[in-house]
Structures are given as structure tokens and as C-alpha cells.
Amino acid sequence: MDLIKSVINTLASPTILFTLIIVTFFFIFPLNDWFYRWNKRLKLDSFWTNRGGIKMFIILLVFFAFGLFDENFRLIVLKPDNVPIVGLIFLVAFFTWLSMKQAVDNDVHIENNENVNEYSDPDDKVLTWPDLVYIELIALVLCTVLLIVWSIGLQAPLEEPANPTLSPNPAKAPWYFLGLQEMLVYFDPWIAGVLFPSLMIVGLMAIPYLDTNKKGVGYYSFKQRMMAVSLYMFGWLVLWVLLIIIGTFLRGPNWNFFGPFEYWDLHKLQPLTNINLSEYVYIIWFSTGMPDNILLREIWGILLILGYFLILPPLFAKTWLKNLYNRLGNFRYSVFIILILFALSMPIKMYLRWMVNLKYIVAIPEYFFNI
Amino acid sequence: MSKSEKKKKESILLRLGNSQVWKSIIRSGVPRDRRGRMLSVLNSVFLHLHPVRMPKHAVKLKYTWCMGGLSFYIFLVLTITGILLMFYYRPTIEYAYTDMIDLREQVPLGIMREIHRWGAHLMVITVWLHMFRVFMTGSYKSPREFNWVVGVMLLTLTLLLSFTGYLLPWDQLAIWAITVGTNMARATPFLGHEGPGAALLSIGDINLVHAGSDVRFALLGGRFVGEAALLRFYVLHCIGLPFIIVIFMAVHFWRIRKDGGISTPL
Ligand code: HEM
């Protein structure tokens, strides 16, 4: 028992969990034909069958049932405001499965030149009353019942009265913002709290204008829009839902990391000696000491950032993403790739932190400008 | 039930449906035929958000998951329970917390706060899932691009509504969550006093952007989460944001119809 728990605790540590997920993710949601072939070869599409769905559900259920016997697990998961997130995990898993199942189904139809499941004769419509209004009524009643049962069963939390002088440890934002709070570990607030959310909103709004693929309107499908779907899945499942789960369940006092079966020890020590890139360059590699001029000091980081955003896009356009570039054209491609690079900067910075304790790539605290 | 009894019962229903009172409320009476069913949708201000006829797949649960409709329904539930909560709640440091206790202990059948809070969580989830469904069916593509943009606004507003409501109980959970959240505003480029570029906005030695004039100050009405912040969040939560979100919802629903109804395979 304890062995299983400690294995899970270790597996859940951000480094390992994240690496596992990133390595496997695009085999499950293939980005291009190469991944797609591997997906088929490894039979990873069997997730999206009835049996696959039931298996996933049972695994999730067993995990939570097993976990509830553990005191530490119970303490976090049953905290009233965390209960919705447990629900969220099940719902996200279910609806991901449901949509992918229908998508994979339709892929087969399309392959065979058949109509997709959603297709029906345009002249043969059904009446809204009763066909739709009844479904709506039932959905509405079920939703009401769910809310009432939930409300009777679980009291809304109310803690001690507000006390501005006594800050709880950890102080957490509401759960839907915990992905951003998790980013605060790796980025300064102006990036994690202002730039990233703005880019997320802009990026989401830009999706219909960036996706020029005309196929796949009005029915679930995967193969025809492989890259769009897989990228969206990555943003949604990994950079959004997973970070929220980590932030909610696995971050304890001092924002230290705790496994799901670990006691939230106030005194858990994490050695924190993060080093800026400029310190690496001048103190460790050149051993000259830091220059006084800010620009000189930070030039390496600035060059790195400029390179990341200015050199990578044309490089990709010439090589790896040539087809995409030709399809999207200059402007769409630039916006697309910049947004993707911003999204990728999150995992990149996380790994830099974990592997070389990198604090800032550009550190100009004089102007609150740290990257 | 014998046959004659059944007949009698039916005729009572029918009589009711044909009575002057019923017909004055619902013109087309009880829908019994195709025409009546169409009229009952057309003539009702609520039902006529829908088209009268729809393609088969569009009414299936496995296509839309009913998530958009449920988001809207939960929004209505939140509005109603929110109004009830406003009867009891006073947004001042003195009373806010004790009103919460009273709600819990004195108000009979007091689950309004629970429904409101869990409903708010649920709405965030249903809106996410709705967005996910719209993505997976490719419904954001032309001609529905703009409605997707409106949808993203709705998502943002939903999150902001949830966030502003989080402060109102005025307990430890509330003020520290909002403190963590709004501290980030301090770092807004140019507009926050600890944001990059803010130091550049100065006249001589005088900083234009400081702790008493930046966006965080505007948001909180002060330098920390206190009385003024509570009032601001209350007004935003109860009036400001609902007002805006209703406008966006109206546009959203209108555009669904104008963009050709639920997306359909060609
Ligand atoms: C308060 C939040 C929202 C409400 C109440 C709402 C409501 C609805 C409803 C009732 C529909 C009809 C079809 C259905 O139920 O799926 C719909 C469709 C649609 N929604 Fe939303 N929605 C919301 C948020 C969003 C968001 C966040 C997005 C995307 C970012 C979005 C994009 C769309 C689009 C593109 C359609 C047309 C879908 C189609 O034609 O198949 N909506 N919305």
C-alpha cells in the first residue's frame, strides 16, 4: 500500500509527470502523419472505443476510491471548493472521450466516402417542438436536481473572518486561475498574470481566423483537422486543466510541491538557489563579475529572446512548417507561430528551472523587467 | 383507467386548452398538430430563440451536449439566487461576514448560498465544455467566426463574474484569493507601479504611476483589499458584469440564428 502511494507521489512530481505527459501526448493526439502512423501502430486510438472509455473511467474511479482511504488525499480532495475540480476531471475525461469517439467514427466514414453520422437529408428536418424542447427540459431538470443535491450535501465554505494581517499558507487564487498562479513560479507577475492571460484571450479569439482549413464544419472529425485538434487538446488538457490540477491538489504551504498522498508539511524545505542567465554568463563562465551597464549585463538574454521570436519563425517556415507557411501566408503564419512560441515558452521555462535552476533569462529588476 | 374515464380526462385537458384564459396566454392553444407545434415555438418569446425546424443531428444530445443551453440556464439560476442573496447581504466590512453566518444559521431552507456558489463553479465548467464542443465540431469556422469571438468574451466575463463574487463572503479564503489575484495587476506593463515601463512614465522626478494611481488602485479603490474593494467588487458582481454579459449573450444568441443555426455538415 505505502509502496503504491510513494510510487504515485514520485510519479506526480511536476518534472516526472510533465515529462511523461509531454512525451506521450502527441502520440495520443497526433500532430501530423508521422505521429498518426505511430498512433495507429501502437493502437492508441483504442482509447476512443466503448471499452477504452470504460477502462479509463474505471481507472479514474479506482484511483479516487483508493485515494479516499488516505487521510492526506482526503483532506485536499474533499475540501469544499476542490470538489468541483474532482467533478471537472471526470467531466473533461468523459467529454474528451465522447468527442474523440465520434470523431474517430466519422474518420472511418470519410475514409470510405460515406456520409458522416451527423448528416441527414436537408429537406427532412424535425420540429423544435417537441424534439428539442423536451430534451432541453430534461437536461434542465437534471441540472437542477444535481445542483440541489450538491447544495444540500455540501455546505459552501466559510473560513475565519477576513484578516489582512494574517496570510494563510498557501494563499491560493480561485481554482480556475490556478494555472496562472502556477506560472508565477516560473515567470514574473507581468508575464504570468498579465501577458499570458491577455494572449490566451487574444489567441482563442484568433482561432477562427488562423485556421484556414475549411473541412470539418458541423461534425466531429479528427483526421481532417489533425493539427488543429491536437494543438487545441494540448493547450486545453495540459496547459490549462493539468496546471489547474497541479495548482489545486499538489501545491501546499510555501507553494511547495506535495504528492497526492503526502502530508502538507509547513517546514518542507526546498533548496532555492535560482540563478539568472547573466550570472551564469559573467560569474560562472567568464568569471569576470557582473558588468555595471545594464544593457551589457543582459545582452545575452535579450539576444536569446530576440532569437527565439525572430529567428525561429522564419527557420520553421523554411523547413519543418513549410506546408503550413504556404497555406497560411505571411501574416497568419506570423501570428500563429508567435502565439505558439508564447505557449511553448511555458514548458520551456519550466524545464530550464528544473534542470539548471535558471531564474530569469533577462533580469532587469531596476525596471521590473524580468523574463 | 377505463376507456370512458380516459376520454373524459382528455376532454378536460382539451377544454382547458380551449378556454378563454388559456388562449389569451398561449394563442395557439395546446399543440396537437404540426401547425400547432410550429406556432407554439413561433409565438413564444422564449421558445422563438429556436428556429421552428432543425436538422436531425442538431437536436441530438450527443452533438451539442446541451452545454450552451445549460450555461444559459445556470446563468438564470445564478441571477435568481443572487437576487435572493442580495436581500440578506450588506457589502461592508462590518456586516459582510456576519451576514454570511446569518444566511447559514438564521435563514430557513438556507441553501441559496450553496446553489449560488456551486452553480457558479458549474457554470465555469459548462462554459468550458461548451467551448470544447464548439471546437470539436468545427463550428467556429466561417461563417461563425465572430460568434466564437463573442463566445470568448462570454468566457472571460464568466470568469470575472466568478472572481468578483469570490470576495464577497469576506472570509480568509476570499480576501487572500483576491489579494493573490489582484497583486498581479501591480505588474501590468506601464499601468502597474511594479510593471515594466512604469518608471518611464514620469515628469522629472514625479512618478505618474505609483501605488496610489495604478490599475490595481483603480480596481481596488485603495492600496489593499479593503472596504472600497468590497464595494467595487459588489457593484461589478451584481450590476456591472451581469449587465455586460447579458448584452453579449443577446448578441451570441442572435448570431447563432443569423449565422445559419447550429452548424451542419454540407
Ligand atoms: C455564458 C456563456 C455561453 C452561453 C450561455 C452560450 C450559449 C450558447 C447556446 C445556447 C448555443 C446553441 C448551441 C449549443 O447549445 O451548443 C451556443 C452556440 C455557440 N456558441 Fe456559445 N455560449 C456561451 C459561451 C461560448 C463560448 C465560450 C464560445 C467559444 C469560445 C461559444 C461559441 C459558440 C459558437 C461558435 C456557437 C455556434 C455553434 C454551432 O453553430 O454549432 N459560446 N452558445
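Keep in mind that what you see is a predicted model, and the values were worked out from it rather than measured.

Draft legend 1. Broad picture of the interface of chain A and chain B. In this complex, chain A contributes 91 residues to the contact, which on the side of chain B involves 89 residues. For the pair chain A and chain B, the number of links is three salt bridges. Its salt-bridge partner being D124(A), residue K56(B) comes within 2.7 Å of it at the nearest N-O pair. Between the two partners, chain A and chain B, sit 37 residue pairs in polar contact (both at pLDDT 80 or more). Within the residue set of the side of chain A that touches chain B, elements represented by two or more residues are α6 (83-111), β1 (126-127), α7 (128-153), α9 (189-210) and α10 (226-249) of chain A. With 18 residues, the top contributor of residues to the side of chain A that touches chain B is α7(A). Across the side of chain A that touches chain B, the residue classes break down as 62 nonpolar, 16 polar and 13 charged. Examined bridge by bridge, β1(A) and strand β1 (residues 53-54) of chain B share two bridges and lie antiparallel to one another. Among the inter-strand pairings, V126(A) is bridged to a residue of β1(B), identified as M54(B).

Draft legend 2. Representation of the site of the ligand. Residues and elements named next belong to chain B. Inspection of the region around the ligand gives 27 residues, with H130, R133, G151, H252 and S263 positioned closest. One of the backbone nitrogen or oxygen atoms of G68 is found 3.4 Å away from an oxygen atom of the ligand. Contact distances for the ligand include 3.1 Å between an oxygen atom and a side-chain N or O atom of R144. Contributions of two or more residues to the shell around the ligand are made by α5 (67-88), α7 (112-136), α8 (145-167) and α11 (227-258). Ranked by the residues each element gives to the shell around the ligand, the list is headed by α8, at seven residues. Split by residue class, the shell around the ligand holds 13 nonpolar, 12 polar and two charged.

Draft legend 3. Representation of the pattern of salt bridges. Throughout the structure, instances matching the rule amount to 10 salt bridges over all chains. Note that K141(B) is salt-bridged to D211(A), the shortest N-O span being 3.6 Å. Note that K141(B) is positioned in the loop between α7 and α8 and D211(A) in the loop between α9 and α10, a pairing that runs across two chains. The pair K141(B) / D211(A) is uniform in exposure class, with both members buried. Residue R90(B) pairs with D99(B) through a salt bridge whose shortest N-O separation is 2.9 Å. D99(B) gets classed as buried once you look at its relative accessible area, which sits at 2%.

Draft legend 4. Focus on the coordination of the iron atom of the ligand. Residue and element names in this part refer to chain B. Here the iron atom of the ligand is held by the protein donor atoms H130 (NE2) and H252 (NE2), which lie 2.0 to 2.1 Å from it. The site at the iron atom of the ligand holds six donor atoms, and with the angles between them running 86 to 179 degrees, its shape is octahedral. Within this pair, whereas H130 is found in helix α7, its partner H252 is found in helix α11, the two being separated by 122 residues in sequence. We note that H130, like H252, is buried.

Draft legend 5. Summary view of the domain arrangement of chain B. Assigned domains within chain B: domain 1 (16-46) and domain 2 (60-167 + 225-258). Spacing between the C-alpha centres of domain 1 of chain B and domain 2 of chain B amounts to 32 Å.

Thresholds, definitions, all that
- Residues numbered from 1 in each chain as written.
- Chains lettered and ligands numbered in written order.
- Predicted model: local features only at pLDDT ≥ 70, side-chain atom pairs only at ≥ 80, totals over all residues.
- Heavy atoms only, no water.
- Contact = heavy atoms within 4.5 Å.
- Salt bridge = Lys/Arg side-chain N within 4 Å of Asp/Glu carboxyl O.
- Polar contact = N/O pair within 3.5 Å; in protein donor to acceptor, adjacent residues only side chain to side chain.
- Helix = DSSP H or I, 4+ residues; strand = E, 2+ residues; numbered from the N terminus.
- Nonpolar A, V, L, I, M, F, W, Y, C, P; charged D, E, K, R; others polar.
- Pairing = 2+ DSSP bridges.
- Near = heavy atom within 4 Å.
- Buried < 20%, exposed > 50% of the residue type's maximum accessible area, 1.4 Å probe, protein only.
- Donors = N, O, S within 2.8 Å, 3.2 Å for Na, K, Ca; no water.
- Tetrahedral: all angles 85-135°; square planar, octahedral: opposite > 155°, others 65-115°.
- Domains from an automatic or database assignment.

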